[in-house]
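Commentary on secondary and tertiary structure
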Amino acid sequence: MLQLLHIENIAVIERADIELEGGLTVLSGETGAGKSIVIDSIGAILGRRVSRDLVRSGAKKGFVSAVFTELPPALCQLVNELDLAGDEGDTLHIQRQLTADGKSSCRVNMKPVSASTLRLLAPYLIDIHGQNDGQKLLDEAHHIDYLDGYAGNAALLERYRPNYQALLALRREIHALETGEQERLQRIDMLSFHKDEIEQAALKPDEDETLAQRKAYFDHAGKIAGALERARLALSGDDEVGGACAMLDEVSAAISALREVSDAFDGMAEQAEEVRLLAADLRDSVAAQSGNLDFSSAEREYVEQRLDEIYRLKQKYGGTIPEILAYRDRIEAELDALQNADDRREELRGQYREMLRQTKNIAAELTEARRTAAKKLEQEIVRELSELDMDKVRMRIAVHTGTKLSAHGFDTVTFEISVNPGEPEKPLSRVASGGELSRIMLALKNVLTAGEDVGMLIFDEIDTGVSGHAAQQIGRKLSAIARKKQTLCVTHLPQIAAMGDHHLRISKSVRDGRSFTDVSPMDRAHRIDEIARLLSGEEISDAARKNAEDLLDAAGQGA
């Protein structure tokens, strides 16, 4: 159960500490006083999406915290599995901080968690019936969910839904293989051409760099030959002029002759001889290079053609030779898959047939479970409605079973009702008034949550469209529910307010030009005034007070 709710800087609530007890707590107040803010704050600690506008104007952050006690065993187990247990094993502390820029942070027992973790805990903590649930009840698409919840079909649906999704995926893949046959053949032809073209080129890594160097050699053939010839003439000379080598021979011989005169010329003679030998070696290298010059026009044509071919392949398949070869490897794998498509298609068809068989079997189990549960749920809802001043109602939960599978199996479900004797059952959306819909929703909620582990039920204006005796009956039903689960009801009706074991009033005031909302528990005297206000408006008469006192006494709320 929810024991304590702390709200700080949330919309018009600057600060509020709300202590809650077991039984039925009613929450009343004028329209716009902030009742919905309390519900929104509770939604925040349950991990619901919240707007940045929820933070009080002028505040940097808002804060909501809650203390839950008397935790059900399933919740304790989940808390332990999530490693969120606190020092008090039977108590859960949840906090959520909201910032003005839209960010939020959450804690459970002082440990940081995500909002999704709060949503995992929420089904065991509080079930909120909001004003939009009535519209959801009118939408027949949700009726199958209500029935599955009552039937306890969660385990079957957990088996069914992955199978159904797998069926859809297999169907899409088979369809793609069947309808894309022409495209597949065209793709095979194109990729085969690409593969053959690349393989016929017999590319080698770095081949283009080697060929580029060779082409540069051919492009500068005249320059190379001319330079070598000039070097040869300078070193060797011709018939008319001697070259540098001949001169250095004379220099070396002349200086060597001086060694006979004095040892002082030994070093000079050695230098001269060294230069002479170096020049001779250079002359021989130049001669060798000149003799090895190969300017084959056939080779040059081959190099240029080969480079053109590689350039063309780069333009089509990749910017470098390694990229071209990698592309070839990829298309080989794709070709293998495309060329084996027939085998793959037959394999997929076999998988589809087996998956279809399994899925149909689970769908049949769902149908049987739904039909069995529908009869029981009809009876329980009718019994609940008879206690809500709708004793002439007839209810039928129609399970329509088709032959095609959907996300729910073979079935669609429709809640049909007759509120007047002699009238046939018709869909809810066609016959139920606002007041009737509120009571049907209350009956359904009571039945569906009876066996659930949720610790608290919240009914946000369940009294929409009802008054008089029907309102009194709703109040009694809420009181009966509250004997089993802690219940909070936001109401505008005095008949329901009088049934509360506890009564909180939401009031709004303006101080220094700003709005402030307060949440106050009320004793009997204040409850009489509040119920009288609900009866007659702001001008409370003695008669209204007496009527309010009678309502409290009739409800047994003497304290």
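Everything below is about the structure printed above this text.
Computed from a predicted structure; not experimentally measured.

Cut-offs and rules
Residues numbered from 1 in each chain as written. Predicted model: local features only at pLDDT ≥ 70, side-chain atom pairs only at ≥ 80, totals over all residues. Heavy atoms only, no water. Patch = residues over 30% accessible without salt bridge, like charges linked within 9 Å, V, L, I, M, F, W, Y side chains within 5 Å. Areas by Shrake-Rupley, 256 points an atom, 1.4 Å probe, with all protein chains shown as cover. Salt bridge = Lys/Arg side-chain N within 4 Å of Asp/Glu carboxyl O. Lys, Arg positive; Asp, Glu negative; His and termini not counted. Charge placed at Lys NZ, Arg CZ, Asp CG, Glu CD. Helix = DSSP H or I, 4+ residues; strand = E, 2+ residues; numbered from the N terminus. Pairing = 2+ DSSP bridges. Axes fitted to C-alpha atoms, helices over the stretch in contact; angles between N-to-C directions. Contact = heavy atoms within 4.5 Å. Buried < 20%, exposed > 50% of the residue type's maximum accessible area, 1.4 Å probe, protein only. Expected span 1.5 Å × (residues − 1). Phe/Tyr/Trp six-rings, centres within 6.5 Å; stacked < 30°, edge-to-face > 60°. Lys NZ or Arg CZ within 6 Å of the ring centre and 35° of its normal. Parallel < 35°, antiparallel > 145°, perpendicular 65-115°, else oblique. Left-handed = near helix turned anticlockwise from the far one by under 90°. Nonpolar A, V, L, I, M, F, W, Y, C, P; charged D, E, K, R; others polar.

What follows covers a negative patch on the surface. Residues Glu 70, Asp 87, Glu 88 and Asp 90 make up a contiguous surface patch of negative charge. As for its placement among the helices and strands, Asp 90 is situated in the loop between helix H2 (73-81) and strand E5 (91-99).

Sheet strands pair via backbone hydrogen bonds, and the direction of the pair is either parallel or antiparallel. As summarised here, the arrangement of the 6 strands in space is E2-E1-E4-E5-E6-E7, forming an open sheet in which the pairing is antiparallel. Because the sheet does not close on itself, it has two edges, and the strands there are strand E2 (13-19) and strand E7 (111-113). In this sheet, neighbouring strand axes are inclined to one another by 15 degrees on average, regardless of whether the strands run parallel or antiparallel. Sheet analysis places strand E6 (residues 104-108) next to E7, joined by 3 bridges and oriented antiparallel. In the strand pairing of E7, Val 108 is matched with Lys 111. Helix H1 (residues 35-45) contacts strand E1 (2-10), E2, strand E4 (61-69) and E5 of the sheet and is inclined by roughly 105 degrees relative to E1.

Overall, the coordinates contain 31 salt bridges when judged by the stated rule. In this structure, Glu 273 engages Arg 276 in a salt bridge whose closest nitrogen and oxygen atoms are separated by 2.7 Å. Of this pair, Glu 273 and Arg 276 both sit in helix H11 (residues 266-292), 3 residues apart, which is roughly one turn of the helix. Given the relative accessible area of 23%, Arg 276 is considered partly exposed. The shortest N-O distance in the salt bridge between Asp 553 and Arg 524 comes to 2.9 Å. Placement of Asp 553 in helix H20 (residues 542-555) and of Arg 524 in helix H19 (residues 524-536) is noted, with a sequence separation of 29 residues between them. In this structure Asp 553 comes out as partly exposed when scored by relative accessible area, which is 43%.

Turning next to helix H17 (residues 468-482). Given 3.6 residues per turn, any residue in an α-helix points the same way as the ones three and four places further on. Helix length check: H17 (15 residues) gives 21 Å between terminal C-alpha atoms against 21 Å at 1.5 Å per residue, within 8%. For H17, every residue scored as buried is listed here: Ala 470, Ala 471, Gln 473, Ile 474, Gly 475, Lys 477, Leu 478, Ser 479, Ile 481 and Ala 482. Where the residues of H17 are buried, they touch strand E3 (24-29), helix H14 (341-386), helix H16 (434-449), strand E12 (456-460), strand E13 (486-490) and helix H18 (494-497).

In space, the 6 strands of this open sheet follow the order E8-E12-E13-E3-E14-E15, with mixed pairing throughout. Each edge of the open sheet is held by one strand with a lone partner, namely strand E8 (126-129) and strand E15 (514-521). Averaged over neighbouring strand pairs, the angle between their axes works out to 15 degrees when direction is ignored. Of the pairings in the sheet, the one linking E12 to E13 comprises 5 bridges and is parallel in character. Directly across from Met 456, in E13, lies its bridge partner Gln 486. Packed on one face of the sheet, H19 meets E3 and strand E14 (502-511) and runs near 75 degrees to E14.

Counting buried positions over the 9 residues of E4 gives 7, a clear majority of the element. Judged from the 6 bridges that link them, E1 and E4 form a sheet pairing that is antiparallel. Following the sheet pairing, His 6 is matched in E4 by Ser 65. Where E4 and E5 come together, 9 bridges link them in antiparallel fashion. Its bridge partner lying in E5, Phe 68 is registered against Leu 92.

In this section: the packing of aromatic side chains. One pass over the structure, following the stated rule, counts 3 aromatic pairs. Seen in terms of ring centroids, Tyr 146 and Phe 415 are 6.2 Å apart; in terms of plane orientation they differ by 35 degrees. Their pairing is tilted. Placement of the pair is Tyr 146 in helix H5 (residues 143-151) and Phe 415 in strand E10 (residues 409-418), with a sequence separation of 269 residues. Across this residue pair, the class does not change: Tyr 146 and Phe 415 are buried. For the pair Tyr 317 and Tyr 327, a centre-to-centre distance of 5.3 Å together with 15 degrees between the ring planes defines the contact as stacked. Taken together, the residues Tyr 317 in helix H12 (residues 297-317) and Tyr 327 in helix H13 (residues 321-339) connect sequence positions 10 residues apart. For the pair Tyr 317 and Tyr 327, one class covers both residues: buried. Between Arg 56 and the ring centre of Phe 516, over which it is positioned, the NZ or CZ distance is 4.7 Å.

Our next topic: the packing of helix H7 (residues 181-201) against H12. Interaxial distance between H7 and H12 falls to 11 Å at its minimum, and their mutual angle equals 150 degrees. Judged by the inter-axis angle, H7 sits roughly antiparallel to H12. Two packed elements cross with a definite hand, and for H7 against H12 that hand is left-handed. Taken together, the residues of H12 that come into contact with H7 (itself represented by Phe 193, His 194, Glu 197, Ile 198 and Ala 201) are Arg 306, Glu 309, Arg 312, Leu 313, Lys 316 and Tyr 317. Within the contact of H7 with H12, the residues separate by chemical class into 5 nonpolar, 1 polar and 5 charged.

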